[in-house]
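Notes for the structure review
The chain contents come next:
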Amino acid sequence: MCGIVGVLGNHEAAPLLVEALKRLEYRGYDSAGIATLNEGHLDRRRAVGKLVNLSDLLVHDPLAGKAGIGHTRWATHGAPTVDNAHPHRAGPVAVVHNGIIENFRDIRADLAEKGIHFSTETDTETVALLVQYYMDQGLSPRDAALETIKRLEGAYALCFLFEGEDDLLIAARQGSPLAIGHGEGEMFVGSDAIALAPMTNQITYLEEGDFAVITRDTLEILDSAGRPANREIRAVSIENTQVDKGGHKHFMAKEIAEQPKVIGEAIMHYLSEDGKSVVLPGAGLDFTGIDRLTMVACGTAFYACLTAKYWFEQLAGIPVDVDIASEFRYREPPIPARTAALFVSQSGETADTLAALRFCEGRASTILSVVNVPESSIARESDLALPILAGTEIGVASTKAFTCQLTVLYMLALKAAHDRGALDADRLADLLSQLRALPSAFNTALDRSRPMADAARKLAEARDILFLGRGLMYPLALEGALKLKEISYIHAEAYASGELKHGPIALIDKHVPVVVMAPRDGLFDKTTSNMQEVIARGGRVLLITDEAGASEAADDAWITLLMPQVDALLTPILYALPAQLLAYHTAVAKGTDVDQPRNLAKSVTVE
Ligand code: M6R
């Protein structure tokens, strides 16, 4: 969602704010703005669209001052206009906000009754006006902000700057992450440590309900009950804060290419020294104490869960429910005893997933998470957090996080199967040894990926595209369709191959390419029968398969893309690659914004 930043420095703040916003732009890019204090005087600049528009504005109309706040927006309330862009200002206070103030209409009505006028459509402006109101009643900036926070319902990360207060920032967190950076006689605020990396790696993460009063030399934190709180300062590793394209044209291309390396690292992280078993961190988890698994996530992470369901059920015999996080808690599902709840999230901050996790607290027997950001809320609120070690993922379209999620979930399913006696030690060692060869299969597939780019140029001409898969390939078909629509804006849908004849087959004609994902596994014959049903109706099939599959079915396909042969259980991880590359090259052919597709943001911290 939105990215926020604050600087109390010894150098000009504007360039630092813009640099930090650049690193946060993946969170939202509808508009951006900064406010600074110059000799106590508060001023701001805001621009619609990408951050570059704000940078251009600052060239012609600069802002001086060593203290400031900044924001890059993903619109929730009010269109992306200059008026609605942050920082919002009311008299002596400016504020940047990530999240949603759910009771802003009530506050607005209350302020309107007091004769206070609004100039934007946003929920955030009410926060600024409320602080101004309390300051007009004689409260200090600190107390006015504190009184304001008490009135707010919903999710927020807030950072305030006050006219005449050159050495003060106030920050508050409820439901949206916020980090404080410590420098030498300087302090910083950021939505995450990545934003602050050029300035400091010494980070304090605020906890839920924290209120922070920040000067250049001091940090006072009050917890949700208003008590003074001590929060640890951690040194964040530079590796996890690097944000560059490494010579690639897009972050997405770089992140796709990184997969052999990061998957390999994830495998080695969970592999025992002798390479024959799976080791979990800390106290681990004994799957004999569990009768059921409930998995919850959003978007691509949800498809990782759908894939893992096959593994947990087939290998370990554990019944698995998989839910979309935004539906889960409102359905109020009963959670039987001895149920483990497992949450999958790249960012670890997705509001829907976090809310689902909190619903399971006290209901599920244990709470597990599979996350990319170890300091995230979801990781911190889990009994056992399993990092996927994908490294920073900047492209809005999730790629390497997906395959690393799958890798960790597969290893977890293998452990579950072994714990429960469904997999003997030899078979476990054999499957793990095949898994270790997966990064090399990825490298081979990447080396042979040119035909995928050629095929994508043809797909780019289509208005609608269907994806079909059966068994482990069904969730991957869903992921392929999501990837394609989110970055190329081509309408794409996925179906379980066998479901096609129950309705969607009516969509087939020569204008609708059908991507069929079908390794030569036990379901291949069934899938290719469904493929023939498509061809018989004039449909054009893009078949993704291996050599064995191609020798049987390529003749009838419009295009065939060849993948290296891997164990059938591993195909959803490997076949993610052509799904990603088809989407990537289609988007490039269409000239869309690959890393920052319209209407989207990387980390969705509102419900
Ligand atoms: O950070 P999370 O994994 O919780 O995010 C979940 C989804 O928002 C995310 O996977 C989204 O669907 C991606 N843009 C897909 O590429």
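Residues numbered from 1 in each chain as written. Predicted model: local features only at pLDDT ≥ 70, side-chain atom pairs only at ≥ 80, totals over all residues. Heavy atoms only, no water.

1. A look at the overall build of the protein chain
- Helix and strand content of the protein chain: 21 helices and 24 strands.
- Its C-alpha atoms give the protein chain a radius of gyration of 25 Å, within 12% of the compact-globule value 25 Å for 607 residues.
- Overall, the C-alpha framework of the protein chain stretches about 80 × 50 × 45 Å when taken along its three principal axes.
- Looking at the protein chain as a whole, 61% of its 607 residues qualify as buried.
- Look at the contacts in the protein chain between residues 6 or more apart in sequence, and 71% of them connect residues 24 or more apart.
- If you sum the accessible surface of the protein chain, you get close to 22400 Å²; carbon and sulfur atoms cover 48% of it.
- Averaging the positions of the 56 positive and the 80 negative side-chain charges in the protein chain gives two centres separated by 4 Å. (Helix = DSSP H or I, 4+ residues; strand = E, 2+ residues; numbered from the N terminus. Rg over C-alpha atoms; globule rule 2.2 N^0.38 Å. Buried < 20%, exposed > 50% of the residue type's maximum accessible area, 1.4 Å probe, protein only. Contact = heavy atoms within 4.5 Å. Areas by Shrake-Rupley, 256 points an atom, 1.4 Å probe, with all protein chains shown as cover. Lys, Arg positive; Asp, Glu negative; His and termini not counted. Charge placed at Lys NZ, Arg CZ, Asp CG, Glu CD.)

2. Examining the site of the ligand
- In the neighbourhood of the ligand, 14 residues make up the surrounding shell, with Ser345, Gln346, Ser347, Thr350 and Glu486 lying closest.
- In the model, an oxygen atom of the ligand is placed 2.6 Å from a nitrogen or oxygen of the Gln346 main chain.
- Within the contact set of the ligand, an oxygen atom lies 2.9 Å away from a side-chain nitrogen or oxygen of Lys483.
- For the ligand, whose accessible area on its own is 410 Å², the fraction buried by protein is 90%.
- Of all the secondary-structure elements, those providing two or more residues to the shell around the ligand are α9 (299-316) and α17 (473-488).
- The residue inventory of the shell around the ligand, partitioned by class, reads five nonpolar, seven polar and two charged. (Near = heavy atom within 4 Å. Polar contact = N/O pair within 3.5 Å; in protein donor to acceptor, adjacent residues only side chain to side chain. Nonpolar A, V, L, I, M, F, W, Y, C, P; charged D, E, K, R; others polar.)

3. Side note on helix α21 (residues 576-590)
- Taking 1.5 Å of rise per residue, 15 residues should cover 21 Å, and α21 covers 21 Å from first to last C-alpha, within 8% of that figure.
- Buried within α21 are the following residues: Ala576, Leu577, Pro578, Ala579, Gln580, Leu581, Leu582, Ala583, Tyr584, Thr586 and Ala587.
- Gly591 sits one or two residues past α21 and shows a positive phi near 75 degrees. (Expected span 1.5 Å × (residues − 1).)

4. Let's talk about the sheet that holds strand β19 (residues 384-387)
- One open sheet accounts for five strands, arranged β16-β15-β17-β18-β19; its pairing is parallel. In the strand order of this sheet, the two ends are held by β16 (320-324) and β19, each with one partner. Averaged over all adjacent pairs, the angle separating strand axes in this sheet is 20 degrees, with direction ignored.
- Where strand β17 (residues 339-345) lies against strand β18 (residues 366-371), six bridges are found, and the strand directions are parallel. Across the sheet, the residue bridging to Ser345 is Val371, located in β18.
- With respect to the sheet, helix α11 (residues 351-360) is in contact with β15 (292-297), β17 and β18, its orientation differing from that of β17 by roughly 165 degrees.
- Relative to the sheet, helix α13 (residues 400-419) contacts β15, β17, β18 and β19, its axis offset from that of β17 by approximately 160 degrees. (Pairing = 2+ DSSP bridges. Axes fitted to C-alpha atoms, helices over the stretch in contact; angles between N-to-C directions.)

Everything listed here is a matter of geometry and, on its own, says nothing about what the molecule does.
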